[in-house]
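Each chain, written out:
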Amino acid sequence: MNVINSIRYHRYINNINLLYFIYICIMKFHDKYPQLKNKSFLLKVLKDTVFSTMALEDQTVSKSKVSAIVENLLLEQESKGNQFFIN
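Being a predicted model, the structure only gives us computed values, none of them experimental.

Draft legend 1. Structural detail: the overall build of the protein. A count of helical and extended segments in the protein gives three helices and zero strands. Order of helices (α) and strands (β) in the protein, N terminus to C terminus: α-α-α. When burial is assessed residue by residue, the protein has 9% of its 87 residues classed as buried. In the protein, the proportion of contacts linking residues at least 24 apart, taken out of those at least 6 apart, comes to 34%. Within the structure as shown, the protein displays about 7,500 Å² of accessible surface, and the carbon and sulfur contribution to it stands at 62%. Side-chain charges in the protein split into 11 positive and 7 negative, and the spacing between the mean points of these groups amounts to 9 Å.

What follows is the structure, encoded as structure tokens:
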């Protein structure tokens, strides 16, 4: 095995190890916080985050309007086959 192939192999192995580590962390995270599996909870967090970010940028939009926009965008994406929330 030449040097270049050896480097590629080690990068490949490192990537696999990193992906496995991330997978384990995510699984532990979901076990620790089961509400993250709840679509309505995630939707509320998403709406609050968008509203807060806009407020920090001095964009005055009512929370109900932000909520409607987020819900419409999610419905539009889901109707196209894109899934934001995973069951």
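Having seen the structure, we can now continue with the description.
Draft legend 2. Seen up close, the pattern of salt bridges. Within the structure shown, the criterion is met by four salt bridges. In this structure, the salt-bridge partner of Lys44 is Asp48, at a minimum N-O distance of 2.7 Å. Of the two residues, Lys44 and Asp48 are both situated in helix α2 (residues 39–56); the distance of four residues between them amounts to about one turn of the helix. With its nearest N and O atoms 2.4 Å apart, the salt bridge here joins Lys47 to Glu71. Linking Lys47 in helix α2 with Glu71 in helix α3 (residues 63–79), this pair joins segments that are 24 residues apart in sequence. Looking at Lys47, the relative accessible area reads 16%, which means it is buried.

Draft legend 3. Spotlight on unusual backbone geometry. Phi at Asp58 is positive, roughly 55°, even though this residue is not glycine. Positionally, Asp58 belongs in the loop between α2 and α3.

Draft legend 4. Expanded view of the packing of α2 against α3. Running from N to C, α2 and α3 point in directions that differ by 125°, and their axes come no closer than 9 Å. With respect to each other, α2 and α3 are oriented oblique. Two packed elements cross with a definite hand, and for α2 against α3 that hand is right-handed. Here α2 contributes Lys39, Leu43, Leu46, Lys47, Asp48, Val50, Phe51 and Met54 to the contact with α3, which in turn contributes Lys63, Val66, Ser67, Val70, Glu71, Leu74 and Glu78. Looking at the contact of α2 with α3 residue by residue, the classes come out as eight nonpolar, one polar and six charged.

Draft legend 5. Structural detail: the confidence of the model for the protein. Here the protein averages 79 in pLDDT, and 93% of its residues register 70 or above. α2 holds the highest mean pLDDT among the elements of the protein, 86, whereas helix α1 (residues 3–32) holds the lowest, 74.

Basis of the calculations
Residues numbered from 1 in each chain as written. Predicted model: local features only at pLDDT ≥ 70, side-chain atom pairs only at ≥ 80, totals over all residues. Heavy atoms only, no water. Helix = DSSP H or I, 4+ residues; strand = E, 2+ residues; numbered from the N terminus. Buried < 20%, exposed > 50% of the residue type's maximum accessible area, 1.4 Å probe, protein only. Contact = heavy atoms within 4.5 Å. Areas by Shrake-Rupley, 256 points an atom, 1.4 Å probe, with all protein chains shown as cover. Lys, Arg positive; Asp, Glu negative; His and termini not counted. Charge placed at Lys NZ, Arg CZ, Asp CG, Glu CD. Salt bridge = Lys/Arg side-chain N within 4 Å of Asp/Glu carboxyl O. Axes fitted to C-alpha atoms, helices over the stretch in contact; angles between N-to-C directions. Parallel < 35°, antiparallel > 145°, perpendicular 65-115°, else oblique. Left-handed = near helix turned anticlockwise from the far one by under 90°. Nonpolar A, V, L, I, M, F, W, Y, C, P; charged D, E, K, R; others polar. pLDDT = per-residue confidence, 0-100.

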